[in-house]
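One-letter residues, chain by chain:
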Amino acid sequence: MKTFTILIVDDSAAMRSLLVSTLETLGTISTVQAPNGFEALRMLPREQVDLVLTDINMPDINGLELLSFIRSNPMYKDLPVVVISTEGSRKDIEKGLSLGANEYLVKPFQPEQLLEIVKRFL
Ligand SMILES: [Mg+2]
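Fair warning: this is a prediction, and the values are worked out from it, not measured in the lab.

Rules of the game
- Residues numbered from 1 in each chain as written.
- Predicted model: local features only at pLDDT ≥ 70, side-chain atom pairs only at ≥ 80, totals over all residues.
- Heavy atoms only, no water.
- Donors = N, O, S within 2.8 Å, 3.2 Å for Na, K, Ca; no water.
- Helix = DSSP H or I, 4+ residues; strand = E, 2+ residues; numbered from the N terminus.
- Buried < 20%, exposed > 50% of the residue type's maximum accessible area, 1.4 Å probe, protein only.
- Core = buried A, V, L, I, M, F, W, Y, C linked by side-chain atoms within 4.5 Å.

Glancing now at the coordination of the magnesium ion. Here the magnesium ion is held by Asp11 (OD), Asp55 (OD) and Asn57 (O), and the distances to it run 2.1 to 2.2 Å. We note that the donor set of the magnesium ion lies within a single chain, spaced as D-x43-D-x1-N. Remark: Asp55 occurs in the loop between β3 (51-54) and α3 (63-72) and Asp11 occurs in the loop between β1 (4-9) and α1 (13-24); sequence separation between them is 44 residues. For Asp11, a relative accessible area of 38% corresponds to the partly exposed category. Residue Asp55 is classed as buried on the basis of its relative accessible area, which comes to 5%.

Spelled out as structure tokens, the structure:
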């Protein structure tokens with residue numbers, strides 16, 4: 001059985017750890033991590049990623065730029081992307097969704113909210 005792989009992109013190591021430990025409760029998934037959009041773009045061709053969880057505010061390439069790159073690449077245009085950000089205004093959320101995010105989760109969030117979203121893509 002193929003493992004479901006989630007790429008976690010966030011410049012906060014603490015947030016990446018929180019996401020990993022929350023996702024581990026699902027059991028059947030594996031995770032890979034990138035501290036910014038630039039590293040995420042380097043990892044995408046090397047890993048069999050099934051879902052991307054990305055922060056917005058990061059050095060180098062931010063999450064919205066990463067999302068735009070992903071959606072403009074035919075290889076990844078159908079790859080599910082969930083934005084997880086402290087930017088929670090309606091305008092921010094609409095921007096993320098209009099750029100092609102499948103879901104938008106505002107920090108801080110409850111673990112159940114994250115799991116409920118991720119389960120839709122398993
Ligand atoms: Mg950040």
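On we go from here.
It is worth spelling out the nonpolar core at this point. One finds Leu7, Val9, Leu44, Val52, Ile70 and Leu79 to be the most contacted residues of the largest nonpolar core, which totals 22 residues. For this core, the secondary structure elements donating two or more residues are β1, β2 (29-34), α2 (37-43), α3 and β4 (81-85). Here the element with the most residues in this core is α3; it accounts for four residues. Within the second largest apolar cluster, 19 residues are counted, among which are Phe4, Met15, Ile29 and Ile117.

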